[in-house]
Amino acid sequence: MSLATARGIARRRVRLFGIEIDAVRMDQVVAQILIWINEGSRPCRYVVTPNVDHVVLYQECDELRQAYSQASLVLADGAPVVAASRLIGRRLPERVAGSDLVPCLFHEAAWQRMPLRVYLLGAAPGVGQQAAERMAAIWPRMEVVGVSSPPLGFERDVELNRDLVAEINACQPDLLLIGLGAPKQELWAHGHYQELAVPVALCIGATIDFLAGHRPRAPRWMRRAGLEWFYRVIREPRRLARRYARDAWHFPRLVWRELQSQP
């Protein structure tokens, strides 16, 4: 365990599965991000939200480990990650899911009468625009200043990425939402955060789809019970079943390894 400090909140970090995870509550995270936005910090501060799948990928992907090492906040998205922290004895206070963080952030900014300029990067063509329209209806002070759904494999095209960063910077957003899926979104944020003229970027997976109403979220009781993963695999078995099967095989072994390494 180590102590870390950031302007606005004092942070404690817990080391789990090789990852330094911030032991913070949702309200602390929202407050910190709004402070960074008000400061207009450079280079861009990016936030990652590890769930079980990320934890498993982290063990074998050196590029992902590098991306995590430069992240300004590392937030426990997965309920099983939080449960494991308590079992192991390195307690995280609560789950801070990216799909909950974004609306909480918008609600708090609206309550403070703070305008927000947001850029949406990711999701399928048309989904970002649907999300922008719904967001404008719910949070009138929040303005979506740009939307991009880059093609498959865009991250390997140097010129395309140069143009994309230039477009994002030209829109002058306060907040960049990156919904490219893991580990692509984390690797992209790490590869370009020094070029981005954006105070904060959040790597938030399927959140743009949720904001658009393109994919429904699990009922609140399932989220509170830590069963959102089950709801998602039932809704999208073809896309998610193999991933969750792999994670169900590896994650308990990682937890056991942590327990065995206890002094």
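Just above sits the structure.
Note that this is a predicted model, so its numbers are computed, not measured.

K.L.:
Looking at this structure, how should I read the packing of aromatic side chains?
P.N.:
The description of an aromatic ring pair uses the distance of the two centres, along with the angle that the planes make with each other. Inspection of every chain in the model, using the stated rule, returns four aromatic pairs. Note on F17 and F251: the rings are 5.3 Å apart at their centroids and 55° apart in plane angle, and the pair reads as tilted. Pair noted here: F17 is in the loop between β2 (9-16) and β3 (19-22) and F251 is in helix α12 (residues 237-260), with a separation of 234 residues, a long-range link. We classify F17 as buried; its relative accessible area is 1%. Judged by its relative accessible area of 9%, F251 falls in the buried class. The aromatic ring of W249 is capped on one face by R253, whose charged end is 3.6 Å from the ring centroid.

K.L.:
Would you mind showing me how to read the sheet that holds strand β7 (residues 142-148) here?
P.N.:
Within a sheet, neighbouring strands are paired by backbone hydrogen bonds and run either parallel or antiparallel to one another. Pairing within the open sheet is parallel, and its six strands lie in the order β5-β4-β9-β8-β6-β7. Looking along the sheet, the strands with just one partner apiece sit at the ends: β5 (73-74) and β7. Sheet strands in contact with helix α5 (residues 98-111) are β6 (116-122), β7, β8 (175-179) and β9 (200-203), and its direction is about 160° off that of β8. Where helix α7 (residues 158-171) meets the sheet, it contacts β6, β7 and β8, and its direction lies at approximately 160° from that of β6.

K.L.:
It is not clear to me how the packing of helix α4 (residues 79-88) against α12 should be interpreted in this structure. Could you clarify?
P.N.:
Two quantities define a packed helix pair, namely the angle between the helix axes and the distance between the axes. Taken N-terminus to C-terminus, the directions of α4 and α12 make an angle of 25°; their axes are 10 Å apart at the nearest point. Put simply, α4 runs roughly parallel to α12. Crossing hand, α4 versus α12: right-handed. Across the interface between the two elements, P80, V81, A84, L87 and I88 of α4 pack against F251, V255, E258 and L259 of α12. For the contact of α4 with α12, the per-class residue count stands at eight nonpolar, no polar and one charged.

K.L.:
I would appreciate a short explanation of α5 in the present structure.
P.N.:
Given 3.6 residues per helical turn, the α-helix brings residues three or four places apart onto the same face. With 14 residues, α5 should reach 20 Å at 1.5 Å per residue; the first-to-last C-alpha distance of 20 Å fits that figure. Buried residues of α5: G98, S99, L101, V102, P103, L105, F106 and A109, and no others. In the segment just after α5, R113 is the residue with positive phi, at about 55°.

K.L.:
For this particular structure, what's the right way to read the pattern of salt bridges?
P.N.:
Once their charged atoms are close, side chains differing in charge can pair, the charge on each being opposite to the other. A full pass over the atoms with the stated rule returns twelve salt bridges. Here D22 and R13 are joined by a salt bridge, their closest N and O atoms 3.1 Å apart. R13 carries the same exposure label as D22, and that label is buried. Notably, a salt bridge pairs R156 with E155, separated by 3.4 Å at the nearest N-O pair.

K.L.:
Where do I start with unusual backbone geometry in this structure?
P.N.:
Excluding glycine, most residues fall at negative phi; most peptide bonds, likewise, are trans. Looking along the chain, the bond that leaves A182 and enters P183 is cis, with omega of 0°. Considering the arrangement of structural elements, one finds P183 in the loop between β8 and α8 (184-192). You will see that F17, though not glycine, has its phi angle at about 55°, which is positive. Phi is positive for Q172, which is not a glycine, with a value near 50°. Locating Q172 in the fold gives a position in the loop between α7 and β8. For Q172, a relative accessible area of 54% corresponds to the exposed category.

K.L.:
What am I meant to see in the environment of V96 here?
P.N.:
Inspection of the secondary structure assignment puts V96 in the loop between α4 and α5. Expressed as a C-alpha distance, the spacing of V96 and V24, which sit 72 residues apart in the sequence, is 8.2 Å. With residues near it in sequence (within four places) discarded, V96 still touches V24, R25, M26, V29, T49, L75, A76 and D77.

K.L.:
Is there a simple way to think about helix α11 (residues 228-235) in this case?
P.N.:
Residues E228, Y231, R232 and V233 constitute the buried set of α11. Tucked into the core, α11 has its buried residues touching α9 (207-212), α10 (220-224) and α12.

Rules behind the numbers
- Residues numbered from 1 in each chain as written.
- Predicted model: local features only at pLDDT ≥ 70, side-chain atom pairs only at ≥ 80, totals over all residues.
- Heavy atoms only, no water.
- Phe/Tyr/Trp six-rings, centres within 6.5 Å; stacked < 30°, edge-to-face > 60°.
- Helix = DSSP H or I, 4+ residues; strand = E, 2+ residues; numbered from the N terminus.
- Buried < 20%, exposed > 50% of the residue type's maximum accessible area, 1.4 Å probe, protein only.
- Lys NZ or Arg CZ within 6 Å of the ring centre and 35° of its normal.
- Pairing = 2+ DSSP bridges.
- Contact = heavy atoms within 4.5 Å.
- Axes fitted to C-alpha atoms, helices over the stretch in contact; angles between N-to-C directions.
- Parallel < 35°, antiparallel > 145°, perpendicular 65-115°, else oblique.
- Left-handed = near helix turned anticlockwise from the far one by under 90°.
- Nonpolar A, V, L, I, M, F, W, Y, C, P; charged D, E, K, R; others polar.
- Expected span 1.5 Å × (residues − 1).
- Salt bridge = Lys/Arg side-chain N within 4 Å of Asp/Glu carboxyl O.

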